[in-house]
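# Summary of the model geometry
One-letter residues, chain by chain:
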Amino acid sequence: MSQSTPNASARNQTWDEFTEGLWRQNPVFVMMLGMCPTLAVTVSAVNALSMGLATAFVLVCSCALVSLMRKVVPKEVRIATYIVIIATFVTVVDYAIQMVSLALYDALGAFIQLIVVNCIILGRAEAHASKNPPWVASVNALGMGLGFTVGLFALGAVREILGAGSLFGISLFGADFQPWVVMVLPPGGFFVLGSWLLGFAWWEKRKQRLAGLQTPAERG
Amino acid sequence: MHESAFQIFVSVLLANNFVLAMFLGLCPFLGVSGRLDTAFPMGLATTFVIVVASLCAYGLNILLTYFHLEFLRLISYIVIIASAVQLVEMVLKKYSPTLFRALGIYLPLITTNCAVLGVALFQTAREYDFVQSMAFSVGGGAGFTLALVLMAGLRERLQLVDIPDIAQGTALALMLGGILSLAFMGFAGIGGGG
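All values reported here derive from a predicted model rather than from experimental measurement. (Residues numbered from 1 in each chain as written. Chains lettered and ligands numbered in written order. Predicted model: local features only at pLDDT ≥ 70, side-chain atom pairs only at ≥ 80, totals over all residues. Heavy atoms only, no water.)

### Brief notes about the overall build of chain B
Scanning chain B from terminus to terminus reveals eight helices and zero strands. Counting from the amino terminus, helix and strand elements in chain B follow one another as α-α-α-α-α-α-α-α. Against the globule reference of 16 Å for 194 residues, chain B gives a C-alpha radius of gyration of 17 Å, in line with a compact fold. With 194 residues in all, chain B has 51% of them scored as buried. Restricting the contact set of chain B to residue pairs at least 6 apart, pairs at least 24 apart contribute 77%. Distance between charge centroids for chain B: 10 Å, based on 8 positive and 9 negative side chains. (Helix = DSSP H or I, 4+ residues; strand = E, 2+ residues; numbered from the N terminus. Rg over C-alpha atoms; globule rule 2.2 N^0.38 Å. Buried < 20%, exposed > 50% of the residue type's maximum accessible area, 1.4 Å probe, protein only. Contact = heavy atoms within 4.5 Å. Lys, Arg positive; Asp, Glu negative; His and termini not counted. Charge placed at Lys NZ, Arg CZ, Asp CG, Glu CD.)

In structure tokens form, the structure reads like this:
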């Protein structure tokens with residue numbers, strides 16, 4: 001996608017674009033976008049990882065294409081155009097996963113096709129890719145996609161460890177472990193994500209206190 | 001695959017509630033559930049879009065299958081849904097401008113509500129006939145509204161309570177969602193599975 005390799009002065013900015021999605025604006029923990037697949041497919045680490053990578057692929061491809069076409073598409077029909085672009089790539093991913101692993105396809109179910117309505121992708125296409133050149137847009141999209149993958153993995157790993165006593169299907173605690181089944185059921189998704197957010201909020205608060213800044217938490 | 005329409009309706013309303021058991025439509029669930037008087041209309045608007053989309057998707061699927069164009073399913077579904085949302089938006093703008101403003105950005109976002117596309121995709125995947133599809137979409141919409149209203153009621157109460165700083169906002173909403181979801185698991189088995 002790169003039309004010109006980034007020179008030294010632009011490298012910092014490129015790195016900035018990349019890490020924005022990875023940490024500062026993490027789609028799962030900070031922006032709270034794309035909640036539905038986040039909670040639904042993270043019953044195991046493998047599912048979470050593959051869902052994250054599939055979403056990242058769609059995100060990068062769509063953002064690159066949207067960015068390439070940003071001067072051609074009239075403003076009035078841009079959302080419809082984006083959606084059609086996204087739906088095209090999702091169809092590609094859908095058939096690809098079906099071909100690579102039918103077991104995975106069954107596990108993820110309708111949520112592969114539901115990548116279309118993942119708010120992250122449309123949000124990025126509208127807010128970032130439609131205003132930036134292809135190289136910058138792709139890098140930013142890649143960061144976002146990886147950030148989403150990391151977020152999903154954080155959820156999936158915790159839920160699998162607590163709910164099934166294993167990670168990537170490998171048993172961790174031996175046969176005596178009594179699995180905490182509710183963690184792999186729907187309520188567990190809410191609880192684990194809520195706990196992660198609590199943890200981050202606590203961490204932020206602690207950092208502020210250590211820095212001597214007694215400002216109240218602004219995130220509400 | 002031969003469940004009665006009533007079974008499907010009850011199952012998707014309670015035991016397989018879209019929001020709390022299948023994780024569809026979480027964005028509005030977390031976003032618009034702050035106040036009761038916007039939560040209910042939002043639920044109704046979404047229900048309407050779900051039913052219209054399900055109706056169109058049913059007809060479209062027959063057409064696509066006839067012409068062997070199944071790979072276009074996703075794209076055509078999403079276009080239909082976008083049009084249905086546009087319709088609701090115009091109607092609301094004309095007849096209830098206050099409500100239109102209150103729902104704000106969440107109204108056009110119904111397009112990207114997974115529940116809407118989810119209904120269309122699930123009814124295709126499960127090969128529901130016409131009556132079953134209708135029961136599925138109406139039940140799903142009602143279930144969505146129910147979850148939204150319950151959540152809004154809880155959150156309105158919680159505004160009066162003194163909670164720790166770090167737990168405020170989304171983390172609290174997620175915990176509430178978890179507890180609600182736990183409660184709805186008690187309905188499991190009603191309606192003969194989904």
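### Describing the overall build of chain A
In terms of helices and strands, chain A carries eight helices and two strands. Listing every helix and strand of chain A by position from the N terminus yields α-α-α-α-α-α-α-β-β-α. Its C-alpha atoms put chain A at 60 × 55 × 35 Å along the principal axes. Within chain A, contacts between residues separated by at least 24 positions form 72% of all contacts whose residues are at least 6 apart in sequence. Total accessible area computed for chain A in this model is approximately 10700 Å², and 66% of it derives from carbon and sulfur atoms. For chain A, the separation between the mean place of its 14 positive charges and that of its 11 negative charges on side chains is 10 Å. (Areas by Shrake-Rupley, 256 points an atom, 1.4 Å probe, with all protein chains shown as cover.)

### Brief notes about the side chain of S138(A)
For S138(A), the location among the structural elements is in helix α7 (residues 134-164). From its side chain, S138(A) meets the backbone oxygen of P134(A) in a polar contact 2.5 Å long. (Polar contact = N/O pair within 3.5 Å; in protein donor to acceptor, adjacent residues only side chain to side chain.)

### Quick look at the packing of α7(A) against helix α8 (residues 186-210) of chain A
Residue and element names in this part refer to chain A. Viewed as axis vectors pointing N to C, α7 and α8 meet at an angle of 120°, and their least axial separation amounts to 10 Å. The pairing of α7 with α8 is recorded here as oblique in orientation. Judged by the sense of rotation from one axis to the other, the crossing of α7 with α8 is right-handed. On α8, the residues touching A154, L155, V158 and R159 of α7 are G188, G189, V192, L193 and W196. Per-class residue counts for the contact of α7 with α8 are six nonpolar, two polar and one charged. (Axes fitted to C-alpha atoms, helices over the stretch in contact; angles between N-to-C directions. Parallel < 35°, antiparallel > 145°, perpendicular 65-115°, else oblique. Left-handed = near helix turned anticlockwise from the far one by under 90°. Nonpolar A, V, L, I, M, F, W, Y, C, P; charged D, E, K, R; others polar.)

### A word on the nonpolar core
Generally speaking, a soluble globular protein has its nonpolar side chains buried in company with each other. The biggest cluster of nonpolar side chains holds 111 residues, and the ones touching the most others in it are L24(B), L26(B), F29(B) and L117(B). For this core, the element with the most residues is helix α4 (residues 73-95) of chain B, which contributes ten residues. Excluding its chain neighbours within four sequence positions, the residues that come into contact with L117(B) are Q113(A), L114(A), V116(A), V117(A), L74(B), Y77(B), I78(B) and I81(B). (Core = buried A, V, L, I, M, F, W, Y, C linked by side-chain atoms within 4.5 Å.)

### Here we look at the interface of chain B and chain A
Every contact between the two is made by 37 residues of chain B and, on the other side, 36 residues of chain A. Buried area between chain B and chain A, both sides added, is near 3200 Å², and the carbon and sulfur share of it is 85%. There are zero salt bridges connecting chain B and chain A. Our count for the contact surface shared by chain B and chain A stands at zero residue pairs in polar contact (both at pLDDT 80 or more). Only α2 (26-31), α4, α6 (114-125) and α8 (170-184) of chain B provide two or more residues apiece to the side of chain B that touches chain A. Ranked by residue count, the leading element in the side of chain B that touches chain A is α8(B), at nine residues. Class assignment of the residues belonging to the side of chain B that touches chain A gives a composition of 26 nonpolar, nine polar and two charged. (Buried area = accessible area lost by both parts, 1.4 Å probe. Salt bridge = Lys/Arg side-chain N within 4 Å of Asp/Glu carboxyl O.)

### Some remarks on the packing of aromatic side chains
Across all of its chains, the model carries seven aromatic pairs over all chains by this definition. Judged by centre distance (5.3 Å) and plane angle (50°), the rings of F190(A) and F23(B) are tilted. Remark: F23(B) occurs in the loop between α1 (5-15) and α2 and F190(A) occurs in helix α8; the pair is interchain, linking two chains. In this structure, F190(A) and F23(B) share a single accessibility class: buried. Between the aromatic rings of W196(A) and F200(A), the centroid separation amounts to 5.9 Å while the plane-to-plane angle is 25°, which identifies the pairing as stacked. Of this pair, W196(A) and F200(A) both sit in helix α8, four residues apart, which is roughly one turn of the helix. We classify W196(A) as partly exposed; its relative accessible area is 30%. On the accessibility criterion, F200(A) (26% relative accessible area) is partly exposed. The structure contains a cluster of three or more aromatic residues connected by ring pairs, namely F18(B), Y128(B) and F136(B). (Phe/Tyr/Trp six-rings, centres within 6.5 Å; stacked < 30°, edge-to-face > 60°.)

### Some details on the pattern of salt bridges
Applying the stated criterion across every chain yields a total of two salt bridges over all chains. Residue E204(A) pairs with K207(A) through a salt bridge whose shortest N-O separation is 3.5 Å. Taken together, the positions of E204(A) and K207(A), both in helix α8 and three residues apart, correspond to about one turn of that helix. Residue class for E204(A) comes out partly exposed when judged on its relative accessible area of 39%. For K207(A), a relative accessible area of 47% translates into the label partly exposed. Between R35(B) and D37(B) there is a salt bridge; the shortest N-O distance is 2.9 Å. Overall, R35(B) belongs to the partly exposed group, its relative accessible area being 47%. Residue classification places D37(B) among the partly exposed residues on the basis of a relative accessible area of 46%.

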